[in-house]
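Each chain, written out:
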Amino acid sequence: MLSRVAENLYWYGRYMERAEDLGRMVNVNAHLMLDLPRRLAAGWAPLVRITGSQALFDELYEEADERQVVRFLLADPRHPGSVLSCLASARENLLAARDMVPREVWEQTNDLYLLAREQLSGHLAKRRRHDFIDDMIRRCQQLIGMLSDSMSHDHAWDFILLGRYHERADMTTRILDVRSAHLLRGVDEIQPFDQLQWMSVLKSLTGYQMYRRHVRLRVNGADVLRFLLGHPLFPRSVCFCLAALGERLQTLPRHQAALDAVGRIQQRIDRMDAEALVRGGLSRFVDELQVELIGLGETITQTWFQAESGNY
Amino acid sequence: MNRKHANDLDWHYRSDFHDELIGPRGGPRQAARRLWKYLRGLDRNELLERRDACEIAALVAGITFRVYHDEGSADRAMPFDLIPRVIPLGEWQRISAGLEQRVTALNLFIDDLYHEQKVVRDGVFPSEILAGSANFRSQCVGVRPRYGVWAHICGSDLVRDADGTMYVLEDNLRVPSGVSYMLENRQVMKKVFPELFEDIDIQPVDDYPARLLDMLAGLSPRPADDPTVVVLTPGMFNSAYFEHAWLAQQMGVELVEGRDLVVDDSDCVFMRTIEGLQRVDVIYRRIDDAFLDPEVFREDSVLGAPGLMRAWKAGKVALANAPGAGVADDKVVYSYLPEIIRYYLDQDALVPNVPTWRCSIRSELDHVLANIDQLVVKPANESGGYGMLIGPHASRKERERFKRLVKADPRNYIAQPTLAISTCPTLVPGGMGPRHVDLRPFILSGQEQYVTTGGLTRVAMRAGSLVVNSSQGGGSKDTWIVDVDGAGGS
């Protein structure tokens, strides 16, 4: 397979996942705002920090209130990380590689972009916003289902999944970082809403229900960390994503460097001391994971997308 | 005779031109007899049903071409007419031989131009015409492509005049397109009219991709190994991208863009794959010379790959068509074809040229200016029907404008009589109507030659229109080469 096509498919996977994750995040935040007492709710500003686009936001908007943050994250074409921009990028990437996927996948991806462009223009009433996000998430899930069940699980498939799980691991670490920041500061004091707030971290990743099934304990910081970073069965945990990445990488030629990079991240998570991290140092730990994840991206790019040597 | 019924079609088909299916007395020509009988047995609903089936089949096959507008691009289905054009096998064999003769002569001519230029020294082809050629590439002088072949894939446009004579209108030696439609049209017809294919001896067309791949593989500079052939496309925004992708898929080779290719210091060409760099032996390029290699031609080109010309000249990669082949894809060169065939092959042209006046010659220029209202005037280097004047249909103002254009740059113009181009019955709202058609066969040249069985019949869907180009609303038909008496003769 041509490197260019592989790269298009990888980014298709990443952008689709990013759009879906952003949608989930906005919906969950809206719920959290309703659940938490006003003085504890962090408002909408953390969402901008999670996506790492604070500078651009400050340049384009005055205030981090719900309306402006939501517009920035969902509908602003000037923001390359908005849902609308992600869906446009996903479409562009797939367009260039559409011979590799079933025709319906291309058509649905195209439809999804057109729907977003239509729905996200003009004023975004809360109810309409909610309906759109639910619809979009459902369509993203449909697409991955269609891919999984109608496409050969060949290298083209491998690259889509590499993008998908790489993006998801990245997003999970970002959410964990920002969401837990203000929780950890007052860890020694008795916090009446401690449990509620750690629940909110889980909910940001739609992991609360699964956490309850797997952990069956009162929600506490260290367990949440262990669950979101290290649980082997929860599909949004970093550990699960790494395993999925490793599985795809195994099937690709010349995979050793990338596999090693995945292994290094896995080792960090295996060796982490969750209790200690809750007491302090989580932010630095997540930063280190992020650096490793970026490194993995570079290795993937160098190995498969920018070949300068090979079989003569 | 059936009684007239609301659902019956009006079969009073009449054309004021030579018609491909219907003879002068209103009955079908011999090769079309069975087809016509079958069609007449259908009522309106049955015919419309088959038309819908054709449309659906075309859609499913993904026969599209790309249309550009501000909102992005869209793939449109190329209009397809379900009534085929029929040519008797005997006639086709003569045409086919004529096409082989033409392309053989053209390749000898191109090879000569880039070497000794004997044809110029012997006074057959004027040096000032060569000097003014927009498509002569000095960078190609002295290069020796395998078998001396430069134009590996040629698409020649044929039309039939009032008296039934088939003429070659032009030879496309750069990046002729349309062959994918020819093959897909046949697939659609076989699905919709299987009974006709059982009944009539229609020659198959589907070996083209295999022939193309064989020809291309035969150009490999490493013939002992299993050569790597690729199709080079300008990218998905090109109007013929569907065909590029289709051909690559049919041949089972990679469809690459310029940025997928690298040329190393030893002048070898590689493509970037997930396995690493992979050597490329033969490139079927579907981008124009000018964009092929920014090291040599347009520096601003991002479509080609730097170093391709180096690699080609060093004999490390084969390019089809060869750079510079377009020198013979010029309407002034075209006018010299009869002389060129005589010069290199010592033969008369088997398929005639349309009589052509060359504005570069004073007496002929005068004739053109005086009779511009009866002539078709064409620029030498345009394709796709752009920039030409159809005298009888043009306004006085347009004619005067063209006279000025021609006088300012006579080398760049030729003129031809307005032909009474033949028609073929075509399904139109309200029944069957005559529509003008042309024919584009494809000729492959490598170690040996191959001519497609028939070609792509293009049809002007508007009544009276002569413009058959897909970019300007033309459609297409299946083309049947029919063995009338089962013996291969006429």
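Refer to the structure above for everything that follows.
What counts and how
Residues numbered from 1 in each chain as written. Chains lettered and ligands numbered in written order. Predicted model: local features only at pLDDT ≥ 70, side-chain atom pairs only at ≥ 80, totals over all residues. Core = buried A, V, L, I, M, F, W, Y, C linked by C-beta atoms within 7 Å. Buried ≥ 20, exposed ≤ 12 C-beta atoms within 10 Å, placed from the backbone. Contact = placed C-beta atoms within 7 Å. Axes fitted to C-alpha atoms, helices over the stretch in contact; angles between N-to-C directions. Helix = DSSP H or I, 4+ residues; strand = E, 2+ residues; numbered from the N terminus. Left-handed = near helix turned anticlockwise from the far one by under 90°. Nonpolar A, V, L, I, M, F, W, Y, C, P; charged D, E, K, R; others polar. Pairing = 2+ DSSP bridges.

**Student:** Even after reading the chapter, I still don't get the nonpolar core, so can you show me in this structure?
**Tutor:** Burial of nonpolar side chains together is a common tendency in soluble globular proteins. Formed by 227 residues in total, the largest nonpolar core has its most connected members in Leu9 and Ala19 of chain A together with Ile110 and Val377 of chain B. Discounting residues that sit within four places of it in the chain, Val377 of chain B has contacts with Val368, Ile372, Met388, Leu389, Gly391, Phe402, Val406, Tyr413 and Ala415 of chain B.

**Student:** Whenever I open this one, the packing of helix α1 (residues 3–35) of chain A against helix α7 (residues 126–150) of chain A confuses me. Can you help?
**Tutor:** The relative placement of two packed helices is expressed as an angle between their axes plus a distance between the axes. Residues and elements named next belong to chain A. At a minimum axis separation of 9 Å, α1 and α7 run at an interaxial angle of 145 degrees. Seen from above, α1 lies across α7 with left-handed handedness. In this structure, α1 uses Met16, Ala19, Glu20, Gly23, Arg24, Val26 and Asn27 to contact α7, whose residues at the interface are His130, Ile133, Met136, Ile137, Cys140 and Leu143. Grouping the constituent residues of the contact of α1 with α7 by class yields eight nonpolar, three polar and two charged.

**Student:** Looking at this structure, I do not really get the interface of chain A and chain B. What am I missing?
**Tutor:** Counting residues at the interface gives 19 residues for chain A and 16 residues for chain B. Within the side of chain A that touches chain B, the residues separate by chemical class into ten nonpolar, five polar and four charged.

**Student:** Even after reading the chapter, I still don't get the sheet that holds strand β14 (residues 375–379) of chain B, so can you show me in this structure?
**Tutor:** In sheet architecture, strand pairing relies on hydrogen bonds along the backbone and comes in two forms, parallel and antiparallel. All names here are of chain B. On the basis of which strands lie adjacent, the open sheet formed by four strands has the order β13-β16-β14-β15 and antiparallel pairing. The open sheet has two edge strands with one neighbour each: β13 (357–358) and β15 (389–390). Across five bridges, β14 lies against strand β16 (residues 413–417) in antiparallel orientation. Paired with Leu375 across the strands is Pro417, a residue of β16.

**Student:** Whenever I open this one, unusual backbone geometry confuses me. Can you help?
**Tutor:** The phi torsion of most residues other than glycine is negative, and most of the peptide bonds are trans. Residues and elements named next belong to chain B. Omega for the bond connecting Ala320 with Asn321 falls within 30 degrees of zero, at -5 degrees, which places this linkage in the cis form. Among the secondary structure elements, Asn321 is positioned in the loop between β12 (318–320) and α12 (331–335). The backbone of Gln117 shows a phi angle near 60 degrees, a positive value even though the residue is not glycine. Its location among the elements puts Gln117 in the loop between α3 (89–113) and α4 (118–121). Under the C-beta neighbour-count criterion, Gln117 is labelled partly exposed, with 14 such atoms within 10 Å.

**Student:** I'm lost on the environment of Ser220 of chain B in this one. Help?
**Tutor:** Residues and elements named next belong to chain B. Looking at the element boundaries, Ser220 is found in the loop between α8 (208–217) and β6 (229–232). Judged by the 19 C-beta atoms lying within 10 Å of it, Ser220 is partly exposed. Taking C-alpha positions, Ser220 is 32 Å from Trp92, a pair spaced 128 residues apart along the chain. Excluding residues within four positions of it along the chain, Ser220 makes contact with Pro227, Asp281, Val282 and Ala318.

**Student:** What should I look at first to understand the sheet that holds strand β8 (residues 261–263) of chain B in this one?
**Tutor:** All names here are of chain B. In spatial order, the strands read β8-β9-β10; together these three strands make up an open sheet with antiparallel pairing. What marks the edges here is a single partner per strand, and that holds for β8 and β10 (276–280). Across the sheet, the axes of successive neighbouring strands diverge by a mean angle of 40 degrees, strand direction being ignored.

In short, geometric facts, not functional conclusions.
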